[in-house]
Amino acid sequence: LAASYLGFEFITSQFQSMIQGSAKVADALTDMQRAGGYTTEEVAGLNKELTDFDTRTSTETLRSIANIAIRLGVAKDDVAAFTQEFDKLYVVLGNTLGDADSAAEALGKILNVFDGEINADNISKLGNAIVSLDQSGVASGAFLVDFMQRLSGIAKSSNISLGALAGLGAGI
C-alpha cells in the first residue's frame, strides 16, 4: 500500500513538473511575441530553430537570449543567427561573462553605441575579439565587456574605435 502511494506521488509530481515546464515555455514564447510583434507562427518557427541548435546550452537559455535579441532590435530574420553566434561565444568563455542574459544585453548595447547595427555578424566579430584577447592576455572576457560597456559612450564621441577600445581594455 505504501509503495503504491509513493508511486502515485511520484507520477503526480512528474505531471506537475511537465505542466510547469510547459507554462515556462509558453511564457517565454509570449514574451518574444509581445516584444517583437511576432505572430504565433513566427515564434513557433523561431523556437523550432532554437531547439535544433547543436549546443550544450539549454533551450530555455537560448529562448532568453533570443528574447533579448528581439528587445535589442535585431531583425526578425537574424534573431536565430544572433542567438547562435552569441551561444558560441558563451560556450567558449563559459561563466566568465556571468549569466547569458546580462552578457547578451551588454554586448548588444556595446554594438549599438558603436555600429548601431546589432546582428549575427557583428556579435560574431565582437565575440571573436573578446575570446582572442581573453586567451592572449591577462584581461578576462568579463573585464573586457565591462570595460567596453563603461567607456563606449566616451570612446565613440572621442573617435576611438571598438577595436581600439577592446585593445585598451586588454592592455590595462
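Figured I'd write up the structure that's included with this text.

Let us look at the side chain of D78. Positionally, D78 belongs in the loop between α3 (59–72) and α4 (79–93). No salt bridge forms around the buried D78; measuring N to O, its nearest opposite-charge neighbour K88 is 11 Å away. Here the side chain of D78 touches A120 through a polar contact of 2.8 Å, landing on its backbone nitrogen. Ignoring any residue separated from it by four or fewer positions in sequence, one finds D78 in contact with N119 and A120.

Attention now moves to the nonpolar core. Ranked by size, the top nonpolar core spans 44 residues in total, and within it L46, V79, F86, L107, I110, L126 and M148 carry the most contacts. Going through the elements one at a time, α2 (40–51), α3, α4, α5 (100–114), α6 (120–136), α7 (141–157) and α8 (162–171) are the ones with two or more residues in this core. In terms of residue count, the dominant contributor to this core is α5 (8 residues). In this structure, L46 is in contact with M32, Y38, A66, I70, V79 and A80, ignoring residues within four places of it in sequence.

Thresholds applied
- Residues numbered from 1 in each chain as written.
- Predicted model: local features only at pLDDT ≥ 70, side-chain atom pairs only at ≥ 80, totals over all residues.
- Heavy atoms only, no water.
- Helix = DSSP H or I, 4+ residues; strand = E, 2+ residues; numbered from the N terminus.
- Buried < 20%, exposed > 50% of the residue type's maximum accessible area, 1.4 Å probe, protein only.
- Lys, Arg positive; Asp, Glu negative; His and termini not counted.
- Salt bridge = Lys/Arg side-chain N within 4 Å of Asp/Glu carboxyl O.
- Polar contact = N/O pair within 3.5 Å; in protein donor to acceptor, adjacent residues only side chain to side chain.
- Contact = heavy atoms within 4.5 Å.
- Core = buried A, V, L, I, M, F, W, Y, C linked by side-chain atoms within 4.5 Å.

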